[in-house]
Amino acid sequence: MSGHESTYKPNTGIEKWLDDRLPIIRLAHDSFVDFPTPKNLNYWYTFGGILAVCLAIQIITGVVLAMHYTATVNEAFGSVERIMRDVPFGWLIRNIHMVGASMFFLAVYVHMFRGLYYGSYKAPREVLWLLGCVIFLLMMATAFLGYMLPWGQMSLHGANVIINLFGAIPLVGEGIQSWLMGGPSVGNQTLQRFFSLHYLLPFMIAGVVILHIWALHVPGNNNPTGKEVQDVEKDTIPFHPYYTVKDGFAIVVFLIIFAVFVFYAPNVLGHADNYIEANPLVTPAHIVPEWYLLPFYAILRAITFNIGPIEAKLLGVIFMFGAIAVLFLLPWLDTSKVKSMRYRPVAKQFFFGFVVACLLLSWCGASNPDDPVISMGEDKLVVSYTDVAGIEGTRVFEEYAPAAQFRDEQTAAGATASLAVQAAPAFRFLHLSQIMTAYYFAYFLLILPILGLRERPKGEPDSIHQSILGHDAPAAAPAE
Amino acid sequence: MKLFRPLLVGLGAMALGLTAHAAGGAKHAHGPDEGWPFAKVPAGQLDSESVQRGFQVYKEVCSSCHGMKLLSYRNLGEKGGPFYSDEYPNANDNPLVKAIAAEVEILDPNPDENGDPVYRPAIPADTFRSPYPNDQAAMAANGGAMPPDLSVITKARGHGAEGEGASYIYSLMTGYKDDKIKTKVGEDGLNVNYIEFDDGETVGTLTQPTGLYYNPYFAGDATPQWDGDPRHVPYGGFLAMAPQLPEGRVEYIDGTEATTSQMAYDVAQFLQWAGDPKQGQRKSLALPVMIYLVLLSILLWFSYKRIWRNVAH
Amino acid sequence: MSASDTTAPEQVDEDRRDFIHIATIAATVGGAGLVAYPLIDQMNAAGDTKAASSLEVDISKIPMGGEIRVLIGGKPFFLRHRTPEEVAAAVNTDVAKLPDPESDEDRLVQLPDGTRNPAILITSGACTHLGCVPVGPAQGSVGEYGGWYCPCHGSHYDTSGRIRKGPAPSNLPVPDYEWVSSTLVKISL
C-alpha cells in the first residue's frame, strides 16, 4: 500500500547517511521486505516473480550472446553455430536464451490468465494492467526480432511475412514496409537493425516492469477473493519472508521445467527449418511462427472474407492487432462490480471457454487451414470429360476401379477425361479458427460487458480475512 | 486447482497440433529398434565407436557430394568427438586428427606472396573440404539439385526432439525401394523404372522420373507419378540422391560388417554428433543440474512450510 | 506494521535461525555461484581461436638482411634473416651492460640436431613499451643499433631484438617456437 508507513530503520551510520541522501535501501525495504501482502495469494500469483527471473535470465544470456554474435547475413548463421561449438559453455548459454523465450511467454500467459480470472485489471488497477499490456507487446516485438537473428529459413521468411502485414495498411503501408526493411527486401540492413532493436527492447521492458511494480505497489496486490485489504493486521503479512520463500519455491519448480527443455530437448520448442540457412529463393513448406504467437497468427488467417470495402488481407491485420488492442480496453469493458470469477458462476464458465478458445486458436495456427478437423464422409473421385462432340460432363465415384474404368472408356472413345479427388465436406481448421476468433472477440466485447450487468454473484466474502477463516470452517465466520 | 483441468486439456490439444503439421505426406521416420544411445534419459551418450565408423562412411561416401562447412578437422579430436584422446587435450596435436586432415588437399584461404592460390594438405584447424567450389558447381554436377550441407542436418530435420533428426537420416538411407524397382520400355523407347504397390488401399504403379529416386521418408508429393487411387498415394517423394549404402559399400577399419542398416546407423550417429558436438557435455551436466534443482525445491518447500506454519491462509 | 495476528515477530526471527533456512540459503547461494562460472568462462578464448594460435612458417624464403612479418592469432611476429655482420654485432655485445641482459644465443631455439641457426632470429613484433609495432629493414629504418626502431616513443632495438635505448623496459620476447625441419618453424602463442 502506498499509504503504509515506512518501517525501515537504518541500523548503522553509513545506512543513515545514505538514507538521508538517497533512500534506496528504504525503497527496497518498503517494496520487497515489509510490503503488506494479502495472506491468501495462491500459486498463480507467483508468476510475477517467475517473470522477473525470466527477464533477468534473458538479459544476462542475451548480453553474453551479443559478445559472440555477428549480425551479417553471411555470418549470422555460422556465428550462432560457433557459439554452440567453440565458445566455452556457449551451447548452454544459447540453449537457455532460446528456451528462455518460450518459458517467458509460458509464464506471461499464465500471469495474464490469472489477471483475467481474478479481475486484477479492475479499478484501482487499470494502469497496472495497461502497463502489463505494454510489456506484452514489447515482449512480442522482442521475440520476433530475436527469432530473426539466427538467420535460418524461418527467420527470414517469418520476418518477410510479418513485415508484409504492414503492406496491407492503405496508403502508407508500402512506405512503412520498405522503411522497416531498409530496402526492397529483408536483407543485411534489416538484420542489423533488428539486432540493434533486439538489444534495446529488453531494457525498455525492464523500464516498464519498474513502472508495473510501482503501479502494483500503489493499490497493493489483488488477491483471489478480489476484496481489497480492509485491515492490514488481519488481511496481510509482510512480503518477506512469507512471499519470498513461496515465490522462491515456485521459481525453482519453474526452473526444473526450464532445465528439462534446456538439457533434454533444447530444439523441441523451435522449428527445425530454422537450422537451414536462410535462402531468399526457397520458401519453407509451412511458415509457422513460434508457438507463443500461434493464436494471433490463427486470427490473422481466419479472416478470409472482405467486409464492405475492406479487403481480407487488411481485415486480418486489423483483427490480429485488435486481439491485442482489446486487452487495453478490458478494464472498461468488464462492467461487473465483483472482481474475482470465484464468485461469478456464469462468467467463470465463459472464462474457461476463453482459455480453451486460445488453446484451440494455437492449434489452428499450427495447422494447415484447409486440413479437416472432423471429416464428414469419404473423399470421392470425380471424372471430368469432354467428349468428341465437345460436351462436358462429370461423374462422381466412390470406388477407384469403376472411376478408372470410366475414364479409360471415355479416353478410348476419343474424349479427354481426367480424374480428380473431391474432398469430403469437412469441418476445417479455417472454420474452427473463425469460430474461435469470434468467441475471442465476443468474450471481451459482448460477454464481459453484458454479463457484468446481469449476473448475480454468489458467495462473495466480506473480507480477505473472512475468506481465510472459511477455509477451515465451512460455516462462514461472522464478519468482524 | 479447478483452473488446472482445462489448461491441461488445452496443452494436450496443443501438443497434438504441434505434431500434426508434419512434412507433407512423408512417412514418419524411425530410429533403430533398440533406440538411439544418445537419446536415453537421463544421461545417454553417443556411441563413439559408431561415430568413428560413421565418419568413415561420411568420408568415403557422403563427402563426394555433401560438404560440412561448420566442421573443422580439429573437432574430430576435441572432447566429445570421435577421435578424442586424453593424451592430446589439444586436438591440433592429435596425430590421428593430423593424419586425417593431411589426407585432404585444400585451397589455402591465403594466397602465396605472388597472389597465386596455394593448394596444401589440410591441418586440424582447417574446415572440412567442400566437394564443390561453389553452389552453382554443386547444382550443375547434380542435375540442378543442391546436395545440402550436412553440418546441422540432424537439427534441420524432424521436430526437435532428441534423435528425430538421426532417425530421419537412418530411415532415409535404409528406406529406398531399390529392390522393388522394375524396368519396362516406355512409349519413347527409353527405359522407364517403376514400382508396383499392393499395400492395403495403396494399389497401383509409381513411375520413377529419370534421375530421381523414390523414398517414402523424403518430403514430397508422388501424386503426378501415381496411377492408382489418388486418395491413397504412397508416402514420400522423389529425391536426386541414388541409394548410397548397398551392403559392403565401405570396409570398416574395425571389421564391423557393413550392412546397409549398420552404415545408416553409424552415419546417422556421426551426423548427430556433428550437428551438436557439445551434446555429450550437455548430457553430462544435465543430471547434476536436475538433482540440484530438485533438492533445492525440496529445501524451499520445507522452508516455506516452516515459515507459513502459523499463518492461516 | 503488518505482522500477522497469529505469528509473533519473535517466531519469525527464530525461524530464520532454523537449519532448514540456512541450508536453503546456502544451496541458493552455492547454485548462483556455480551459474556464474559458465558466464565468466564464456569470455575465454573459443575453440576456433585457440586452434588458430600456431603457425608453421617456411624460413627459406626470407631474403638475406630482410624479414617477414606474420600474424598469429592477430599478434605480429618478426622472422629476420640476419647478415653475418648483424649476427656478429649481436654476438659481440657486452651483455652485462644491456638494460635487459640476455645473450644472443639465449634468444635462439635449438634445431632438432641440437645446433642453432644464428642467421634466423624470431621475435615478437610488439614493442615491450606499449605494444606498438616497431619498424625494421623493410620500412627503411632500423634504429641506432641496426635492429628495429619503434616510432611511437623512440625505442631502439639491436639486431638481436634487445632493447638498447628508449622507454621500452625489456627485449622483444622470443615466442614459443620449434624447428619442424631446417627450413620450417612452428610458432605457437
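Residues numbered from 1 in each chain as written. Chains lettered and ligands numbered in written order. Predicted model: local features only at pLDDT ≥ 70, side-chain atom pairs only at ≥ 80, totals over all residues. Heavy atoms only, no water.

1. Focus: the overall build of chain B
No. 1: Looking only at helices and strands, chain B features seven helices and seven strands.
No. 2: When the helices and strands of chain B are placed in sequence order, the string is α-α-α-β-β-α-α-β-β-β-β-β-α-α.
No. 3: In summary, chain B has a C-alpha radius of gyration of 25 Å against a globular reference of 20 Å for 313 residues, an excess of more than 25%.
No. 4: Going through the 313 residues of chain B one by one, you find that 43% of them count as buried.
No. 5: For chain B, the share of sequence-separated contacts (at least 6 apart) that also reach a separation of at least 24 residues comes to 58%.
No. 6: Accessible surface, chain B: about 15,800 Å² in total, of which carbon and sulfur atoms supply 56%. (Helix = DSSP H or I, 4+ residues; strand = E, 2+ residues; numbered from the N terminus. Rg over C-alpha atoms; globule rule 2.2 N^0.38 Å. Buried < 20%, exposed > 50% of the residue type's maximum accessible area, 1.4 Å probe, protein only. Contact = heavy atoms within 4.5 Å. Areas by Shrake-Rupley, 256 points an atom, 1.4 Å probe, with all protein chains shown as cover.)

2. Thoughts on the interface of chain C and chain B
No. 1: Contact with chain C, which involves 19 residues of that partner, is made by 17 residues of chain B.
No. 2: For the pairing of chain C and chain B, the buried interface totals around 1,400 Å² over both sides, and the portion due to carbon and sulfur atoms is 51%.
No. 3: The tally of links between chain C and chain B comes to one salt bridge.
No. 4: Between arginine 306 of chain B and aspartate 18 of chain C there is a salt bridge, with the nearest N and O atoms lying 2.1 Å from each other.
No. 5: The tally of links between chain C and chain B comes to six residue pairs in polar contact (both at pLDDT 80 or more).
No. 6: Looking at the side of chain C that touches chain B, the elements with two or more residues in it are helix H1 (9-16), helix H2 (19-41) and helix H3 (47-51) of chain C.
No. 7: The dominant element in the side of chain C that touches chain B, judged by the number of residues it contributes, is H2 of chain C, at seven residues.
No. 8: A breakdown of the residues in the side of chain C that touches chain B according to their chemical character gives four nonpolar, eight polar and seven charged. (Buried area = accessible area lost by both parts, 1.4 Å probe. Salt bridge = Lys/Arg side-chain N within 4 Å of Asp/Glu carboxyl O. Polar contact = N/O pair within 3.5 Å; in protein donor to acceptor, adjacent residues only side chain to side chain. Nonpolar A, V, L, I, M, F, W, Y, C, P; charged D, E, K, R; others polar.)

3. Examining the domain arrangement of chain C
No. 1: Domains assigned within chain C are domain 1 (9-41) and domain 2 (48-188).
No. 2: In this structure, domain 1 of chain C and domain 2 of chain C have C-alpha centres spaced 55 Å apart. (Domains from an automatic or database assignment.)

4. Focus on the nonpolar core
Where a protein is soluble and globular, its nonpolar side chains tend to be buried together.
No. 1: Counting 131 residues, the largest nonpolar core has Phe105, Tyr440 and Phe444 of chain A as its most contacted members.
No. 2: Per-element tally for this core: the top contributor is helix H5 (residues 90-117) of chain A, with 15 residues.
No. 3: Residues contacting tyrosine 440 of chain A, with those up to four places away along its chain left out, are Phe296, Ile299, Ala323, Val326, Leu327, Phe354, Cys358 and Leu361 of chain A.
No. 4: Membership of the second largest hydrophobic core comes to 45 residues, among which are Phe83, Ala122, Leu150 and Ile169 of chain B. (Core = buried A, V, L, I, M, F, W, Y, C linked by side-chain atoms within 4.5 Å.)

5. Digging into the sheet that holds strand E7 (residues 163-165) of chain C
Residues and elements named next belong to chain C.
No. 1: Spatially, E5-E6-E7 is the arrangement adopted by the three strands of the open sheet, whose pairing is antiparallel. Each edge of the open sheet carries a strand with a single partner, namely strand E5 (146-150) and E7. Pairwise comparison of adjacent strand axes, ignoring direction, gives a mean angle of 35° for this sheet.
No. 2: Of the pairings in the sheet, the one linking E5 to strand E6 (residues 155-158) comprises four bridges and is antiparallel in character. What sits directly across from tyrosine 149, in E6, is histidine 156. (Pairing = 2+ DSSP bridges. Axes fitted to C-alpha atoms, helices over the stretch in contact; angles between N-to-C directions.)

6. Structural notes on the state of the cysteines
No. 1: Scanning the model with the defined rule gives one disulfide over all chains in all.
No. 2: Here cysteine 132 of chain C is linked by a disulfide to cysteine 152 of chain C, with a sulfur-sulfur distance of 2.0 Å. Here cysteine 132 of chain C and cysteine 152 of chain C share a disulfide; its torsion about the S-S bond, -95°, makes the bridge left-handed. Of this pair, cysteine 132 of chain C sits in the loop between strand E4 (120-124) and E5 while cysteine 152 of chain C sits in the loop between E5 and E6; the two residues are 20 residues apart in sequence, bridging distant segments of the chain.
No. 3: Looking at cysteine 364 of chain A, it has no disulfide partner, and the nearest cysteine sulfur is the one in cysteine 358 of chain A, 12 Å off.
No. 4: Its relative accessible area of 3% is what places cysteine 364 of chain A among the buried residues.
No. 5: Cysteine 65 of chain B forms no disulfide, and the closest cysteine sulfur to it belongs to cysteine 62 of chain B, at a distance of 9.1 Å.
No. 6: What makes cysteine 65 of chain B partly exposed here is its relative accessible area of 26%. (Disulfide = S-S within 2.5 Å.)

7. Re the interface of chain A and chain B
No. 1: Each side of the interface is counted separately: chain A has 62 residues, and chain B has 61 residues.
No. 2: Carbon and sulfur atoms supply 71% of the area buried between chain A and chain B, which totals about 5,400 Å² over both sides.
No. 3: Seen at the junction of chain A and chain B, the total is three salt bridges.
No. 4: For glutamate 81 of chain A, the salt bridge goes to lysine 155 of chain B, with nearest N and O atoms at 3.0 Å.
No. 5: The interface formed by chain A and chain B holds 14 residue pairs in polar contact (both at pLDDT 80 or more) in total.

8. Describing the layout of surface pockets
No. 1: The space that makes up the second largest pocket amounts to roughly 1,400 Å³.
No. 2: Surrounding the second largest pocket, 43 residues form its lining, Leu255 of chain A, Tyr292 of chain B together with Gly31, Ala32 and Val35 of chain C being those nearest its centre.
No. 3: Those elements that place two or more of their residues in the lining of the second largest pocket are helix H3 (47-66), H5 and helix H11 (239-264) of chain A, helix H7 (279-307) of chain B together with H1 and H2 of chain C.
No. 4: The element contributing the most residues to the lining of the second largest pocket is H11 of chain A, with twelve residues.
No. 5: Of the residues in the lining of the second largest pocket, the class split is 32 nonpolar, nine polar and two charged. (1 Å grid on protein atoms, 1.4 Å probe; cavity = no way out; pocket = protein on both sides within 12 Å on 5 of 7 lines; lining within 4 Å. Points joined across faces, edges and corners; volume = space filled by probe spheres on them.)

9. A look at empty space enclosed by the protein
Residue and element names in this part refer to chain A.
No. 1: The final tally for this structure, using the stated rule, is six cavities of 30 Å³ or more.
No. 2: Its boundaries defined by the atoms lining it, the largest cavity holds a volume of some 830 Å³.
No. 3: Forming the boundary of the largest cavity are 40 residues, of which His97, Met98, Gly146, Tyr147 and His198 lie nearest the centre.
No. 4: Among the elements of the structure, H3, helix H4 (76-85), H5, helix H6 (126-148) and helix H9 (188-217) are those that each provide at least two residues to the lining of the largest cavity.
No. 5: When residues of the lining of the largest cavity are assigned to their parent elements, the largest contribution, eight residues, is made by H5.
No. 6: Partitioning the lining of the largest cavity into residue classes produces 27 nonpolar, eleven polar and two charged.
No. 7: Taken as a whole, the second largest cavity encloses approximately 180 Å³ of empty space.
No. 8: In terms of lining residues, the second largest cavity is bounded by 17 residues, among which Phe144, Tyr147, Gly158, Ile162 and Pro289 are the most central.
No. 9: Looking at the lining of the second largest cavity, the elements with two or more residues in it are H6 and helix H7 (153-166).
No. 10: Ranked by the residues each element gives to the lining of the second largest cavity, the list is headed by H7, at six residues.
No. 11: Per-class residue counts for the lining of the second largest cavity are 14 nonpolar, two polar and one charged.

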